Amino acid sequence: MKKLTFYIVFFLTGFSLFAQEKFELHVSAKAGYFFPPNKENNEYFPENAFSPGIGIGLQYNVLKKTSISLGIEGNYLNPSMIDYRSSQIDPLWHSVNIPFRIKQFVGSHFMLVGGATLIRQIKGYWNDPLTLYRNQQIPEYSWELGTGWKFNKLSLYLIYNHSLGTFEKKIKTDPNTAFPVDVVHREIYLKVQYPLWKF
C-alpha cells in the first residue's frame, strides 16, 4: 500500500511539472528618464531626457518562482546638447535593445529583477571605414537591477539601468563631421508588461 501511494504521489508530481506552462510571450512598454553623470561639469554634454520604449519578449519559467527572459525592445532617446560653437546638435540615440533578465518572486506578488542588455544604436553615429578617426563602438552593453509587482496578469517594474563603463559617442553632425562625447548611460524607468500567450 505504501509503495502504491508513493508511485501515485510520484506520478502526480511529475505530471504537474510537465503540465505547467513553461513559456510566456509578452509585450511591454516603458517610460524612462535618462540622466548621465557629468562629473566634470562639461558644458558640451547631453542633458537629461525622457526615454520611452516598447518591446516583446519570451520568458521561460525555470522554477516555480524563478524565470529567465530574452526580448527585443525599441528605445527612443534624443537629449538636447550643444557643441563647442554653442550650436544645437541632435543626438539621435534611438536604439534596438536585446535584454536578458532573471526574475525572482519573493512571495506571491513582489519580484526582484536583474540582467544585462545589448544596446544597438540605429543611426546618427559616425561610422566611416575610410576615415582616420576612430568610429563609435557598436554595440554597447549595460546592467540593470530593479523590483516589480504582479497585479493579476499585469506586471509593473521599476528598474535602474547603468552602462558597463564609459562609451565614446560620435554624434554625426553632417556627412563629413562628428562631435565626440564620453557618456555613461544611466537611466531609471517604469515598465508595464502583459502576457500574450502561455504555452
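The structure this text deals with has already been given above.
Rules behind the numbers
- Residues numbered from 1 in each chain as written.
- Predicted model: local features only at pLDDT ≥ 70, side-chain atom pairs only at ≥ 80, totals over all residues.
- Heavy atoms only, no water.
- Phe/Tyr/Trp six-rings, centres within 6.5 Å; stacked < 30°, edge-to-face > 60°.
- Helix = DSSP H or I, 4+ residues; strand = E, 2+ residues; numbered from the N terminus.
- Buried < 20%, exposed > 50% of the residue type's maximum accessible area, 1.4 Å probe, protein only.
- Lys NZ or Arg CZ within 6 Å of the ring centre and 35° of its normal.
- Core = buried A, V, L, I, M, F, W, Y, C linked by side-chain atoms within 4.5 Å.
- Contact = heavy atoms within 4.5 Å.
- Salt bridge = Lys/Arg side-chain N within 4 Å of Asp/Glu carboxyl O.
- Pairing = 2+ DSSP bridges.
- Polar contact = N/O pair within 3.5 Å; in protein donor to acceptor, adjacent residues only side chain to side chain.

Colleague: So what's going on with the packing of aromatic side chains? Residues and values would help.
Modeller: Within the structure shown, the criterion is met by 8 aromatic pairs. With centroids separated by 6.2 Å and ring planes inclined at 80°, the aromatic side chains of F34 and W93 adopt a geometry described as edge-to-face. Placement of the pair is F34 in strand β1 (residues 23-34) and W93 in the loop between β5 (88-89) and β6 (95-106), with a sequence separation of 59 residues. F34 sits in the buried class, given a relative accessible area of 1%. Note on W93: relative accessible area 5%, which makes it buried. Every member of this aromatic cluster is reached through a ring pair, and the members are F23, Y60, W197 and F199. Between the NZ or CZ atom of K191 and the centre of the ring of Y157, over which it lies, the distance is 5.4 Å.

Colleague: How would you sum up the nonpolar core? Please name residues and give values.
Modeller: Residues F34, F45, A49, L77, M81, I89, W93, I171, F179, V181 and V183 constitute the largest nonpolar core, which totals 11 residues. In terms of residue count, strand β11 (residues 177-183) provides more of this core than any other element does, 3 residues in total. Sequence-distant contacts of A49, that is, excluding residues within four places in its chain, are made with G32, Y33, F34, L77 and P79. Counting 6 residues, the second-largest nonpolar core is a separate cluster that includes F105, M111, Y157 and I159.

Colleague: With reference to specific residues and values, describe the pattern of salt bridges.
Modeller: Two side chains that carry opposite charge are able to pair once their charged atoms sit near each other. Inspection of every chain in the model, using the stated rule, returns 6 salt bridges. The partner of E187 in a salt bridge is K30, with the nearest N and O atoms 2.3 Å apart. One end of the pair, E187, is in strand β12 (residues 186-198); the other, K30, is in strand β1, with 157 residues separating them in the sequence. Side by side, E187 and K30 carry an identical accessibility label, which is buried. R101 serves as the salt-bridge partner of E144, at 2.4 Å between the closest nitrogen and oxygen. Placement of the pair is E144 in strand β8 (residues 140-151) and R101 in strand β6, with a sequence separation of 43 residues. When salt bridges with common partners are traced through the structure, they connect E73, R101 and E144 into a single cluster.

Colleague: Provide a residue-level description of the pairing of strand β7 (residues 110-121), including the pertinent values.
Modeller: Judged from the 12 bridges that link them, β6 and β7 form a sheet pairing that is antiparallel. Each residue of the ladder has a partner; that of N97, found in β7, is I119. Counting the residues in the hairpin turn of β6 and β7 gives 3 residues, including G107, whose phi is positive at 90°. Bridging between β7 and β8 involves 10 bridges; their strand directions are antiparallel. Paired with F110 across the two strands is W149, which belongs to β8.

Colleague: Go over the pairing of β6 with me, naming the residues and quoting the values.
Modeller: Taking every second residue as pointing to the same face, the buried face of β6 carries S95, N97, P99, R101, K103 and F105, while none of V96, I98, F100, I102, Q104 and V106 on the other face is buried. Bridging between strand β3 (residues 66-75) and β6 involves 8 bridges; their strand directions are antiparallel. Within β6, the residue paired with N75 across the bridge is S95.

Colleague: Break down the environment of Q136 for me, citing the residues and quoting the values.
Modeller: Along the polypeptide, Q136 turns up in the loop between β7 and β8. The exposure class of Q136 is buried, given its relative accessible area of 6%. Along the chain, Q136 and K170 lie 34 residues apart, while their C-alpha atoms are 5.5 Å from each other. Discounting chain neighbours no more than four positions away, the residues touching Q136 are Q121, Y125, W126, E168, K169 and K170. At a separation of 2.9 Å, a polar atom in the side chain of Q136 contacts the side chain of Q121.

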